[in-house]
Amino acid sequence: MKIAKPIHFNFQACLDFLNRGYDECLYSVNESVVRRLIRVTSGLVLIEISSDSVNINVSAHRIVSKTDEKEIISYVMDWFDVERDMTEFYALMKKHQQTKDFPIQYQGLRLMGIVDLFEALCWCVIGQQINLTFAHKIKTRLVNKYGESIKVDGQKYHVFPTPHSLLNVNKEDLVAMQFSKQKINYIHNISQAFCNNELNKNDLLKLTKPQQMDKLLAIKGIGPWTANYVSMKSLRDMTCIAYGDTGLSLSLHQVFNTERKPDKNTIDKVFKPFAGWESYLNFYLWKTLS
DNA sequence: AACCAGGTTATGC
DNA sequence: GCATAACATGGT
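Quick notes on the rules
- Residues numbered from 1 in each chain as written.
- Chains lettered and ligands numbered in written order.
- Predicted model: local features only at pLDDT ≥ 70, side-chain atom pairs only at ≥ 80, totals over all residues.
- Heavy atoms only, no water.
- Near = heavy atom within 4 Å.
- Polar contact = N/O pair within 3.5 Å; in protein donor to acceptor, adjacent residues only side chain to side chain.
- Helix = DSSP H or I, 4+ residues; strand = E, 2+ residues; numbered from the N terminus.
- Nonpolar A, V, L, I, M, F, W, Y, C, P; charged D, E, K, R; others polar.
- Domains from an automatic or database assignment.
- Axes fitted to C-alpha atoms, helices over the stretch in contact; angles between N-to-C directions.
- Parallel < 35°, antiparallel > 145°, perpendicular 65-115°, else oblique.
- Left-handed = near helix turned anticlockwise from the far one by under 90°.
- Contact = heavy atoms within 4.5 Å.
- Pairing = 2+ DSSP bridges.
- Core = buried A, V, L, I, M, F, W, Y, C linked by side-chain atoms within 4.5 Å.
- Buried < 20%, exposed > 50% of the residue type's maximum accessible area, 1.4 Å probe, protein only.
- Phe/Tyr/Trp six-rings, centres within 6.5 Å; stacked < 30°, edge-to-face > 60°.

If you check the shell around DNA strand C, you find Q129, I130, N131, T133, F134, K137, Q178, S180, K181 and Q182 and nothing else. The share of sugar and phosphate among atoms of DNA strand C within 4 Å of the protein is 73%. Take Q129: an N or O atom from its main chain is 3.2 Å from a base nitrogen of DNA strand C. Q182 has a polar side-chain atom sitting 2.4 Å from a base oxygen of DNA strand C. Counting residues per element, the ones that place at least two in the surface near DNA strand C are helix 6 (132-146) and helix 9 (181-195). A total of three residues in the surface near DNA strand C trace back to one element, the largest contributor, which is helix 6. Looking at the surface near DNA strand C residue by residue, the class counts come to two nonpolar, six polar and two charged.

Attention now moves to the domain arrangement of chain A. When the parts of a complex come together, some accessible area is lost, and that lost area is often used as the size of the interface. Considered domain by domain, chain A is made up of domain 1 (2-82), domain 2 (117-233) and domain 3 (246-287). For domain 2 versus domain 3, the separation of C-alpha centres amounts to 27 Å.

Before going further, it helps to examine the packing of helix 3 (residues 87-95) against helix 15 (residues 278-287). When two helices pack together, their arrangement is given by the angle between the helix axes and the distance between those axes. In contact at an axis separation of 11 Å, helix 3 and helix 15 are set at 60 degrees when each is read in the N-to-C sense. One element, helix 3, and the other, helix 15, form an angle in the oblique class. Here helix 3 and helix 15 pass one another in a crossing that is right-handed. For the pair helix 3 and helix 15, contact is made by F89, Y90 and M93 and by Y280, L281 and Y284, respectively. Looking at the contact of helix 3 with helix 15 residue by residue, the classes come out as six nonpolar, no polar and no charged.

Our next topic: the sheet that holds strand 2 (residues 28-30). Sheet strands pair by backbone hydrogen bonding; their relative direction is either parallel or antiparallel. Reading across the sheet, the five strands line up as 1-5-4-3-2 and stay open at both edges, with antiparallel pairing between neighbours. In the strand order of this sheet, the two ends are held by strand 1 (2-4) and strand 2, each with one partner. Neighbouring strand axes in the sheet, compared pairwise and without regard to direction, differ in orientation by 25 degrees on average. By the bridge criterion, three bridges tie strand 2 to strand 3 (residues 33-40) in an arrangement that is antiparallel. Looking at the pairing, V29 lines up with V34 of strand 3. Contacts from helix 2 (residues 66-79) reach strand 1, strand 3, strand 4 (43-51) and strand 5 (55-60) within the one sheet, and its direction differs from that of strand 3 by about 125 degrees.

The subject of this paragraph is the packing of helix 5 (residues 117-127) against helix 12 (residues 224-233). Remark: helix 5 packs on helix 12, axes separated minimally by 10 Å, with the N-to-C direction vectors making an angle of 145 degrees. For the pair helix 5 and helix 12, the sense of crossing is right-handed. Each of L117, A120, L121, W123 and C124 in helix 5 lies in contact with helix 12, whose residues at this interface are W225, T226, Y229 and V230. The class makeup of the residues in the contact of helix 5 with helix 12 is eight nonpolar, one polar and no charged.

Let's shift gears to the nonpolar core. Nonpolar side chains in soluble globular proteins generally cluster together in the buried interior. Membership of the largest hydrophobic core comes to 95 residues, with the highest contact counts inside it found for L18, I49, W79, F80, F89 and Y284. Sort the elements by how many residues they give to this core and helix 5 lands first, with nine residues. The contacts of W79, once residues within four sequence positions are left out, are L18, Y27, V34, R36, I49, L111, M112, G113, V115 and R236. Among the nonpolar cores identified, the runner-up in size contains six residues, and L44, L46, V152 and Y157 belong to it.

What follows covers the packing of aromatic side chains. A full pass over the atoms with the stated rule returns 20 aromatic pairs. Taking 5.7 Å as the distance between ring centres and 15 degrees as the angle between the ring planes, the aromatic pair formed by F11 and F80 counts as stacked. Pair noted here: F11 is in helix 1 (residues 11-18) and F80 is in the loop between helix 2 and helix 3, with a separation of 69 residues, a long-range link. You can call F11 buried: its relative accessible area is 5%. A connected cluster of aromatic rings, assembled from ring pairs, spans F17, F89, Y90, F102, Y106, W277, Y280, F283 and Y284.

Have a look at this one:
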C-alpha cells in the first residue's frame, strides 16, 4: 500500500518523535521503519510503515482484503496526520521571530496522534503527575497483561486493551503493577463509559467542541488537561492549548521569554497569531524540550 | 535529599 | 470561589 507524501511531510522527523527515548510497548521503531499491531474489522494486523522519496509505504504481515486495506490506510493517515495542509502554519512560524527557525528545525514533523480514543484517555490517566519513564513502565505492564497480542517472527506485538477487558480487571493486579488506587478508579470510570456507550470516538466527532468537552469532563478522572490533550491527539482539534501543562510552561518561558508559569492570559497572547494552529504550535513547543 | 513529574478530585475555609 | 492535601513512585 502506498500513500503519496504531501509537502511539509518528513517521515524521518515523525519517526524520531515516536522514538524519542521512552520504552514504548505499542510500536517499535527500527531506524527507518515503524511496526505496530492494529485492530481492523477482520481482526489484528501487524503493519510496517516506511517511506521513500515520494511515498509512505505500508505493508501488512498477512493477506488483507480491500476493506482491510482501506482501514489500514485510514489508520496511518490519522496517526501521521497526513492529510493536513501545513503551508499556512509554516508561513506563520516564519513570520514570527521566536519561531522562525522551527520550519527548518522541525521540518515536516506532523502532530503524531493517538488514533484510539480509549487508549488516549487511559494514557493521560496513567501519565498524570508521574514522570514519563515510570508512566511507560506501568503502561507496559497493563498492555502485556490485558492487551491482545500476536507473535510474528518470534516477536510479540500488542494492541491496547479494550474497555471491556479493563472493566473486568482485578484491581489488586493493578495495584501490583504500581497503579495508584486513584488511577485504577479513573481507568475503571473511563472503561465503563465506553462499555455503556456513553463515549465513543465517532459520536464525539459529530459534536461541537464545547459538547465534546462536557462529555469528557463528566467522567471522574478526566480533567481539563486530559480533555484538551485527547482533543488534540485523538479528535484532531487544531485549536488546543495545554494550559497549566508543565512542559508547555517551560517551553513558553524558553522560547517566548514568558514567566516561568505563565497565566492563561499570557499564553493566549502568545498563541493569538497562530489561531487555527494552536495544537501544532503547542506540539512544536513540546518538541523544543526534547 | 528534597522536589517534581504530560493532573484530578475531595475537602476545608 | 480558591487554596491545599492526597495519590504513588521514580528521576534528577
